[in-house]
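# Topology and contacts: notes
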Amino acid sequence: WQHEHASAALFRRVVDREGLLDGVFGAHGLVEQDVKFVQELIFGAPGDAPPGWVWAGRGADKAFLYEIVANHRNGIDVDKFDYFRRDAYHLNIPVSFDCDRLIMHARAIRDPAGAWT
């Protein structure tokens, strides 16, 4: 069992059960490819997808998007930000780290190989 696989399956179930592609998602121009993309964001990388998953991706020029939710390059991602906030809140511990500021000032840049990161 893997948390990411369960999260992606839950997302898929909600989309299907609630008819989101025919409803609110569709109203905003989202299609099946977008739902699959969200699931892939949750996995983080093709090697982390469940067995048999056919990775669609978004192309090399958009590969940096996969670092937002599950960053395997440096571990800094919105999933960790969620842990910090939630855990600190429930433990009543003050947090001095401002993840909103980091997100607002983050930029995609090209690495030495020319890939966006």
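Everything discussed here concerns the structure shown above.
This one's a predicted model, so the numbers in the text were calculated from it and none came from an experiment.

### Side note on a nonpolar patch on the surface
Side chains of I76, F84, V95, F97 and L102 sit close together on the surface and give an oily, nonpolar patch of about 450 Å² of accessible area. Inspection of the secondary structure assignment puts F84 in helix α5 (residues 78-91).

### Quick word on helix α3 (residues 32-43)
Look at α3: 17 Å from first C-alpha to last across twelve residues, which is about the 16 Å you get at 1.5 Å a residue. When we look at burial in α3, the residues that qualify are D34, V35, F37, Q39, E40, L41, I42 and F43. Of the surrounding secondary structure, the elements contacted by the buried residues of α3 are α1 (3-17), α2 (24-27) and α4 (66-69). One or two positions beyond α3, positive phi appears at G44, with a value near 95°.

### Side note on the environment of H28
Residue placement: H28 occurs in the loop between α2 and α3. H28 sits in the exposed class, given a relative accessible area of 64%. A C-alpha to C-alpha distance of 33 Å links H28 and W1, two positions 27 residues apart in sequence.

### Some thoughts on α1
Spanning 15 residues, α1 covers 21 Å between terminal C-alpha atoms, matching the ideal 21 Å at 1.5 Å per step. By the burial criterion, the buried members of α1 are H5, A8, R12 and V15. All buried residues of α1 lie within an arc of 95° about the axis, which places them on one face of the element. Exposed and oriented more than 90 degrees from the buried face of α1 are L10 and R17. Buried positions along α1 lie against α2 and α3.

### Observations regarding unusual backbone geometry
Of note, the phi angle at N92 is positive, near 55°, even though the residue is not glycine. Exposure remark for N92: the relative accessible area of 70% places this residue in the exposed category.

Conventions adopted
Residues numbered from 1 in each chain as written. Predicted model: local features only at pLDDT ≥ 70, side-chain atom pairs only at ≥ 80, totals over all residues. Heavy atoms only, no water. Patch = residues over 30% accessible without salt bridge, like charges linked within 9 Å, V, L, I, M, F, W, Y side chains within 5 Å. Areas by Shrake-Rupley, 256 points an atom, 1.4 Å probe, with all protein chains shown as cover. Salt bridge = Lys/Arg side-chain N within 4 Å of Asp/Glu carboxyl O. Helix = DSSP H or I, 4+ residues; strand = E, 2+ residues; numbered from the N terminus. Expected span 1.5 Å × (residues − 1). Buried < 20%, exposed > 50% of the residue type's maximum accessible area, 1.4 Å probe, protein only. Contact = heavy atoms within 4.5 Å. Arc of directions from axis to C-beta.

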